Amino acid sequence: MKITLTQFVTLDGVSQGPGSSTEDTSDGFTSGGWLVPHIDELFVQRASEWLDLADGLLLGRRTYEAFARDWPRITDPDDPFTERMNALPKYVVSNTLTTASWQPATVLHGDPVQTVGALKERPGRELQIHGSARLGAALLSTGLVDTLRLVVAPVVIGSGRRLLTHPVSATGLRLVRHEAAKQGLLLLEYETAGAARTGDYEGVTDLR
């Protein structure tokens, strides 16, 4: 399976609490819900298409517990995500979680690189990371992530947990798709491309 990291971020890289003011208030965060004013039909359509590609969800403990609390409570029959989110297999990377109420779920104990690497070898389409920014950053830096999808909101928050704050190694990316939605969201899809390249600028005539 391919491992895909999907994240909602602000222009200053904050990934905490995109969906509501109460979604994630840890560490005193009070600016949640910053994605909501910019959601439109294109975003919903693309997010639904991305979820169609999933054969499982890969989550850290914090995100799993938040999702397990919230997703089963959604009863709107017209919600385009709930049935699939609740039905997909969940793989939770945690050495402290002992029970998993949001089924079907498997808790992955031990070294995440080894346990996730074993999952990656299984046949299938995508194993998708939603939320779980620290897990996503760790797996990206070890070369296990194949695709990075970012939904960038036109807002600067100035506080909150940021995506990819401390990567272990520099990672190169190749932009393969991009769209701008009417409400200002940028939908960006990257493939990982090995180590990040560097160079020295010596003038426009040297550019290739």
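Residues numbered from 1 in each chain as written. Predicted model: local features only at pLDDT ≥ 70, side-chain atom pairs only at ≥ 80, totals over all residues. Heavy atoms only, no water.

A closer look at the pattern of salt bridges
Line of reasoning, step 1. Scanning the model with the defined rule gives 13 salt bridges in all.
Line of reasoning, step 2. A salt bridge links Arg125 to Asp55; its shortest N-O distance comes to 2.9 Å. Here Arg125, found in the loop between α4 (112-120) and β5 (126-130), pairs with Asp55, found in strand β2 (residues 54-60); they are 70 residues apart in sequence, far enough to count as distant.
Line of reasoning, step 3. By relative accessible area, which is 28% here, Asp55 ends up partly exposed.
Line of reasoning, step 4. What emerges from the salt-bridge pattern is a single network uniting Glu126, Arg149, Arg177 and Glu189. (Salt bridge = Lys/Arg side-chain N within 4 Å of Asp/Glu carboxyl O. Helix = DSSP H or I, 4+ residues; strand = E, 2+ residues; numbered from the N terminus. Buried < 20%, exposed > 50% of the residue type's maximum accessible area, 1.4 Å probe, protein only.)

Concerning the packing of aromatic side chains
Line of reasoning, step 1. Across all of its chains, the model carries 4 aromatic pairs by this definition.
Line of reasoning, step 2. Taking 5.6 Å as the distance between ring centres and 65° as the angle between the ring planes, the aromatic pair formed by Phe8 and Phe43 counts as edge-to-face. Taken together, the residues Phe8 in strand β1 (residues 2-10) and Phe43 in helix α1 (residues 41-52) connect sequence positions 35 residues apart.
Line of reasoning, step 3. Taking relative accessible area as the criterion, Phe8 reaches 25% and is therefore assigned partly exposed.
Line of reasoning, step 4. With a centroid separation of 6.4 Å and 85° between ring planes, the pair formed by Phe67 and Trp71 is classed as edge-to-face. Each of the two residues, Phe67 as well as Trp71, counts as buried.
Line of reasoning, step 5. One aromatic cluster is present, formed by Tyr64, Phe67, Trp71 and Trp102 through successive ring pairs.
Line of reasoning, step 6. Stacked on the ring of Trp102, the Lys or Arg Lys90 has its end atom at 4.2 Å from the ring centre. (Phe/Tyr/Trp six-rings, centres within 6.5 Å; stacked < 30°, edge-to-face > 60°. Lys NZ or Arg CZ within 6 Å of the ring centre and 35° of its normal.)

Comments concerning the layout of surface pockets
Line of reasoning, step 1. Estimated volume of the second largest pocket: approximately 170 Å³.
Line of reasoning, step 2. In terms of lining residues, the second largest pocket is bounded by Arg46, Glu49, Trp50, Leu53, Arg149, Arg177, His178, Glu179, Leu187 and Glu189. (1 Å grid on protein atoms, 1.4 Å probe; cavity = no way out; pocket = protein on both sides within 12 Å on 5 of 7 lines; lining within 4 Å. Points joined across faces, edges and corners; volume = space filled by probe spheres on them.)

Quick look at the sheet that holds β5
Line of reasoning, step 1. Pairing is mixed across the open sheet formed by 8 strands, whose spatial order is β4-β3-β2-β5-β1-β6-β8-β7. Unpaired on one side and paired on the other, β4 (105-108) and β7 (171-180) mark the two borders of the sheet. When the angles between neighbouring strand axes are averaged without regard to direction, this sheet yields 25°.
Line of reasoning, step 2. In terms of strand pairing, β7 meets strand β8 (residues 186-195) through 8 bridges, oriented antiparallel. The partner of Arg174 across the bridge, within β8, is Glu191.
Line of reasoning, step 3. Along the sheet, α4 contacts β1, β2, β3 (90-93), β4 and β5; its crossing angle with β3, the most-contacted strand, is approximately 160°. (Pairing = 2+ DSSP bridges. Axes fitted to C-alpha atoms, helices over the stretch in contact; angles between N-to-C directions. Contact = heavy atoms within 4.5 Å.)

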